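Chain and residue survey
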Amino acid sequence: MVIVTSTGRLKVQRLGEQVMRVVFTGRPVFGSDESLMVVGGNERSAPDVADSADQLVLSIPRLRLVIDKQFGAFTWTDETGRLLFREPHDRADTKVLEEIDVLRSVFSEDTVITTALGADGEKSVVGQTKQLVDRQAYSTKLRLEFSDGEALYGLGQHDEGVFNYRGHHEDLYQQNMKIVAPVLVSTRGYAIMWDSQALASFHDDQAGSYFWTEVDDEMDFYVIAGPELDDIVHHIRTLTGGAPMLPRWSLGYIQSKDRYENADELLDIVREYRRRDIPLDCIVQDWKHWPEGLWGQKSLDPDRYPDPTRLIEELHDLGAKLMVSIWPNMQNDGPNQAEFRAHGELLGDGSTYDAFDADARARYWKQVNEGYFSHGVDAFWADCTEPFEGDWKGIVKPEPWQRLLINAGELKKYLDPEHINAYSLLHSEGLYEGQRAAGNDKRVFLLTRSGFVGQQRYSAVTWSGDTSATWLALRRQISAGLNLCVTGTPYWTFDIGAYFVTPGPLWFWEGDFAEGSADLGYRELYVRWLQMGTFLPIFRSHGRDTPREPWRFGDVGDASYDTICAFIRLRYRLLPYLYSLSGWTTQRDYTPMRSLVFDFRHDPRVYDVDDEFMLGPSLLICPITEPMYFGPDSEPVQGRPTTRSVYLPSGCNWYDFWTSERFEGGQTIEVAASLETIPVFVRAGSLLPLGPAVQHTGEDVFGPLEVRIYPGADVTFDLYEDAGDGYGYENGEFSTMTLRWSELERTLIVDARTGSFPGMPATRAIIPIFIGEPTNNAPTSTDIALQIAYVGQELRTILR
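Residues numbered from 1 in each chain as written. Predicted model: local features only at pLDDT ≥ 70, side-chain atom pairs only at ≥ 80, totals over all residues. Heavy atoms only, no water.

Assigned secondary structure in the protein consists of 12 helices and 44 strands. Its C-alpha atoms give the protein principal-axis dimensions of about 75 × 70 × 60 Å. The buried share of the protein, taken over its 800 residues, is 64%. Sequence separation of 24 or more characterises 71% of the internal contacts of the protein that already satisfy a separation of 6 or more. (Helix = DSSP H or I, 4+ residues; strand = E, 2+ residues; numbered from the N terminus. Buried < 20%, exposed > 50% of the residue type's maximum accessible area, 1.4 Å probe, protein only. Contact = heavy atoms within 4.5 Å.)

What the rule picks out here adds up to 59 salt bridges. Lys257 is the salt-bridge partner of Glu265, the closest N and O atoms lying 3.5 Å from each other. For Lys257, a relative accessible area of 13% corresponds to the buried category. One salt bridge connects Asp555 with Arg276, and the closest N-O pair in it is separated by 3.2 Å. Of the two residues, Asp555 is situated in the loop between strand S27 (539–541) and helix H10 (559–573) and Arg276 in the loop between helix H2 (263–275) and strand S21 (282–285); the sequence distance between them amounts to 279 residues. Residue Asp555 is classed as partly exposed on the basis of its relative accessible area, which comes to 36%. Salt bridges sharing partners connect three or more residues here, namely Arg104, Asp134, Arg135, Asp416 and Glu418. (Salt bridge = Lys/Arg side-chain N within 4 Å of Asp/Glu carboxyl O.)

Ordered by their spatial adjacency, five strands build an open sheet running S4-S5-S6-S7-S8, and the pairing between neighbours is antiparallel. Each of the sheet's edge strands pairs with one partner strand only, and the pair in question is strand S4 (48–51) and strand S8 (83–86). Across this sheet, the average inter-strand angle for adjacent strands is 20°, counted without regard to direction. As defined by bridge partners, strand S7 (residues 74–78) adjoins S8 across three bridges and the pair is classed as antiparallel. In the sheet register, Trp76 faces S8, and the bridge partner there is Phe85. (Pairing = 2+ DSSP bridges. Axes fitted to C-alpha atoms, helices over the stretch in contact; angles between N-to-C directions.)

For the bond from Gly226 to Pro227, the omega torsion is 10°, close enough to zero to count as cis. If you trace the backbone, Pro227 turns up in the loop between strand S19 (219–225) and helix H1 (229–240). You will see that Asn332, though not glycine, has its phi angle at about 65°, which is positive. By secondary structure assignment, the location of Asn332 is in the loop between strand S22 (321–326) and helix H4 (335–342). Owing to a relative accessible area of 42%, Asn332 belongs among the partly exposed residues under this scheme. With phi around 60°, Ser459 is a residue other than glycine that occupies positive phi space. By secondary structure assignment, the location of Ser459 is in the loop between strand S24 (446–448) and strand S25 (460–463). Of the residues examined, Ser459 reaches a relative accessible area of 2% and is grouped as buried.

All right, on to the side chain of Thr129 then. Residue position: Thr129 is located in the loop between strand S11 (121–126) and strand S12 (130–143). Polar contacts involving the side chain of Thr129 include one to the side chain of Ser105, which spans 3.3 Å. Beyond its immediate stretch of four places on either side in the chain, Thr129 contacts Ser105, Val106, Phe107 and Lys413. (Polar contact = N/O pair within 3.5 Å; in protein donor to acceptor, adjacent residues only side chain to side chain.)

What follows deals with the pairing of strand S16 (residues 190–194). Remark: a regular strand shows side chains that alternate across the two faces of the sheet. With five of five residues buried, S16 lies mostly within the body of the structure. Of the two faces of S16, the one lined by Tyr190, Ile192 and Trp194 and the one lined by Ala191 and Met193 are each fully buried. Hairpin geometry of strand S15 (residues 179–186) and S16 is characterised by an intervening segment of three residues between the two adjacent antiparallel strands and by a positive phi of about 95° at Gly189. Pairing between S16 and S19: five bridges, direction antiparallel.

When helix H3 (residues 308–317) is considered as a whole, its buried residues turn out to be Pro308, Leu311, Ile312 and Leu315. The buried side chains of H3 occupy one side of the element, clustering within an arc of 90° when seen end-on. Within H3, the exposed residues directed more than 90 degrees away from the buried face are Arg310 and Asp317. Downstream of H3 by one or two residues, Gly319 has phi in the positive range, about 80°. (Arc of directions from axis to C-beta.)

This next bit is on the packing of H4 against helix H5 (residues 358–371). Look at H4 against H5: their axes get within 11 Å of each other, and the N-to-C directions meet at 160°. One element, H4, and the other, H5, form an angle in the roughly antiparallel class. Judged by the sense of rotation from one axis to the other, the crossing of H4 with H5 is right-handed. Residues Asn336, Glu339 and Phe340 of H4 form the contact with H5, whose own contacting residues are Ala360, Arg363, Tyr364, Lys366 and Gln367. Across the contact of H4 with H5, the residue classes tally to three nonpolar, two polar and three charged. (Parallel < 35°, antiparallel > 145°, perpendicular 65-115°, else oblique. Left-handed = near helix turned anticlockwise from the far one by under 90°. Nonpolar A, V, L, I, M, F, W, Y, C, P; charged D, E, K, R; others polar.)

Attention now moves to the packing of aromatic side chains. All chains considered together, the criterion is met by 53 aromatic pairs. Seen in terms of ring centroids, Phe340 and Tyr353 are 5.5 Å apart; in terms of plane orientation they differ by 35°. Their pairing is tilted. Separated by 13 residues along the polypeptide, Phe340 in helix H4 and Tyr353 in the loop between H4 and H5 bring together distant segments of the chain. You can call Phe340 buried: its relative accessible area is 0%. (Phe/Tyr/Trp six-rings, centres within 6.5 Å; stacked < 30°, edge-to-face > 60°.)

This next bit is on the pairing of S11. Pairing between strand S10 (residues 113–118) and S11: six bridges, direction antiparallel. Residue pairing across strands places Thr115 opposite Ser124, the latter belonging to S11. The turn linking S10 back onto S11 is made up of two residues.

Here we take up the sheet that holds S21. The strand order across the open sheet formed by eight strands is S26-S25-S24-S23-S22-S21-S20-S27, and the pairing between neighbours is parallel. The two strands at the open ends of the sheet, each matched to only one other strand, are strand S26 (492–493) and S27. Both strand S20 (residues 253–255) and S27 contribute to a ladder of three bridges, which runs parallel. Across the sheet, Tyr253 pairs through a bridge with Phe539, a residue of S27.

Residue placement: Pro641 occurs in the loop between strand S30 (619–621) and strand S31 (643–648). With a relative accessible area of 51%, Pro641 lands in the exposed category. It is 9.1 Å that separates the C-alpha atoms of Pro641 and Ser674, two residues lying 33 residues apart in sequence.

The subject of this paragraph is the environment of Arg552. Tracing the backbone through its elements, the reader meets Arg552 in the loop between S27 and H10. For Arg552, a relative accessible area of 31% gives the class partly exposed. C-alpha separation for the pair Arg552 and Arg475, spaced 77 residues apart in sequence, amounts to 24 Å. If sequence neighbours within four positions are ignored, Arg552 has contacts with Ile269, Ser517, Arg523 and Pro547. Within polar-contact distance, the side chain of Arg552 engages the side chain of Glu549 at 2.7 Å.

As a note on interpretation, predicted positions should not be read in detail where pLDDT is low. The share of residues in the protein with pLDDT of 70 or more is 98%, and the mean pLDDT across the chain is 96. When pLDDT is averaged over each helix and strand of the protein, the minimum, 92, is found for S10 and the maximum, 99, for S30. (pLDDT = per-residue confidence, 0-100.)

With that settled, consider the packing of H10 against helix H11 (residues 575–588). When two helices pack together, their arrangement is captured by the angle between the axes and the distance separating the axes. Between H10 and H11, the shortest axis-to-axis distance is 5 Å and the interhelical angle comes to 55°. As judged from the angle between their axes, H10 and H11 are oblique. Across the interface between the two elements, Arg571, Tyr572 and Arg573 from H10 touch Leu575, Pro576 and Leu578 from H11. Per-class residue counts for the contact of H10 with H11 are four nonpolar, no polar and two charged.

Structure below.
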């Protein structure tokens with residue numbers, strides 16, 4: 001449907017029953033460039049139209065757009081006419097297109113390029129460059145009006161600690177600890193997604209309520225009707241691509257640090273984990289593993305890693321995988337950099353490869369394959385994918401407006417201003433497509449520091465960047481992750497214990513703990529960070545300034561050490577639950593890490609709860625984000641309670657995971673939170689599948705399945721299983737075992753298994769545990785009264 005107005009041309013398209021797209025341009029024709037964010041295959045058609053004297057109504061089954069003919073203002077409602085949001089109706093400039101010149105930098109052989117050592121290592125730096133007008137485009141602004149009591153989430157991951165964006169503003173540019181996602185999600189049951197990779201900002205403050213982009217060929221956005229957040233995420237992924245399965249081992253514990261120095265150290269660390277019976281699935285080789293002096297060269301230094309193939313074989317024999325850090329920039333004219341230069345595939349700094357060039361992406365993968373993948377490397381950590389450093393220098397943190405100018409300016413110096421936020425998306429595409437072309441035996445697992453909407457289709461996991469070890473930083477991680485996940489990114493994580501631990505010479509290096517892991521205050525913070533990390537989609541420890549292995553925080557009998565080990569072991573018992581969530585993520589666009597609004601949108605009291613989250617449908621996680629025992633320099637803190645306040649959402653009852661005590665929902669309670677535990681609750685009416693104690697995810701994969709039954713409502717849980725690696729699942733090689741609890745009959749039903757896969761066991765041992773009266777400890781296998789054999793046919797077990 002094309003609508004001609006006094007200020008431009010509007011195109012409105014229907015995409016299914018719940019999504020409409022709006023394109024606005026001042027030109028006589030619409031643009032034809034393919035979207036970097038939205039994938040093909042989404043059928044588009046015209047909405048139904050009702051025309052009257054003063055308004056135009058465009059409708060699809062679940063969404064309605066009413067256009068005021070006088071001002072052209074939009075009002076969006078659901079199919080019943082309930083208001084979702086609207087544009088102001090008292091002005092004609094609700095959709096603004098300001099024509100601008102798009103500038104590009106001019107680089108030549110005379111461009112002066114220097115090398116500087118910064119937070120991200122060696123970087124090529126270009127000073128002032130000549131700029132020319134490349135083309136004309138628009139700066140766009142969409143004015144908005146929201147409802148009283150409405151809450152807004154999304155926009156990506158940002159480090160200011162904002163959860164609900166009502167009354168706030170956010171600048172959208174890529175930088176360490178900032179990930180851009182131009183998506184707003186509302187508690188009124190809708191989302192707006194802008195197809196823009198330019199510098200942008202959202203305002204709901206004294207400047208007004210609007211979304212602005214700096215450089216776009218046209219205004220282009222999608223409105224999605226939920227009403228539930230799961231519906232919204234489903235449609236975001238339908239538009240931008242679904243998330244493939246990650247390998248099962250990616251859900252285990254990942255040990256990293258800045259940095260392991262050689263092959264022997266990697267092996268020694270893994271052997272120590274095995275000696276201590278602490279589970280581990282992956283060890284990470286961080287930067288500077290390349291040949292001395294050849295920054296970013298995609299190969300291991302032959303002096304320190306003389307036989308990469310044998311190293312990885314030995315790690316695999318120990319049940320561990322290897323992830324290697326790779327960088328988009330190269331220095332000192334190594335073979336990789338020279339190859340890119342010879343083909344004209346470097347950006348203007350002469351160092352960073354051009355991820356927007358398909359041939360350059362293919363070349364980058366070729367180098368990764370030759371240096372790592374062909375030797376057996378299992379996963380890649382794509383670091384510094386913003387990919388420029390900007391303002392991470394100096395002792396004084398720039399003001400927010402200065403940070404925007406510095407960082408956006410640095411990006412625009414080398415990248416097209418219309419696409420400065422998309423580098424990581426294209427970089428991930430090249431790695432994913434390269435590895436998929438190399439074979440289907442090993443699933444892609446990418447860890448990236450930057451991201452964008454759609455990056456999930458490339459098996460990319462984002463992490464929050466180089467945080468500092470403070471309690472405030474830990475607290476802010478919760479809202480940062482939740483706001484990213486609501487925009488369609490299913491897998492997010494952080495550096496357990498923070499990256500910077502000690503105070504440093506630069507403004508961003510602001511850890512509180514000069515003595516590192518010897519400081520009792522840092523040990524407490526680390527334990528709390530790891531406890532929260534246990535319940536994230538990806539469980540990974542990393543950082544500098546101090547080692548991160550569990551034995552650096554004490555030994556057997558020390559509270560810190562024992563608690564770290566206990567939570568790592570708990571993570572492995574949760575694997576059947578976690579892997580099922582991954583299966584749902586791929587099969588039905590599920591979101592494992594969930595703000596409370598996903599499941600309790602009916603309860604307005606959860607709209608501003610920014611320190612709790614759901615892991616899947618059953619587990620309510622309540623991290624500890626304040627010290628209870630020690631401050632920096634091992635100074636005891638006085639008068640701190642060892643409890644925390646927890647809000648239990650309404651609409652159901654809740655069980656304390658540790659004691660099985662039952663509580664009514666819709667209330668705030670004080671919960672014990674000594675160092676050894678954090679508050680975790682299970683929704684009444686849940687089935688929680690747990691696996692056996694193992695040392696890695698490849699051990700006893702299909703061992704006895706403990707099913708904890710938390711009564712209170714009928715419930716169904718689809719247990720997803722497959723081979724754990726490879727892409728056979730894309731051809732139907734997976735199984736679903738549906739577990740059902742009948743509250744009335746007090747019966748656990750296991751439906752007949754559907755599907756199959758190579759290696760699927762014919763028989764499974766199932767151990768049902770009915771959670772009834774409170775105990776002092778969480779149920780364990782010692783409470784088992786019944787073990788049943790499941791052979792793939794329906795099985796019914798009555799529990800009284």
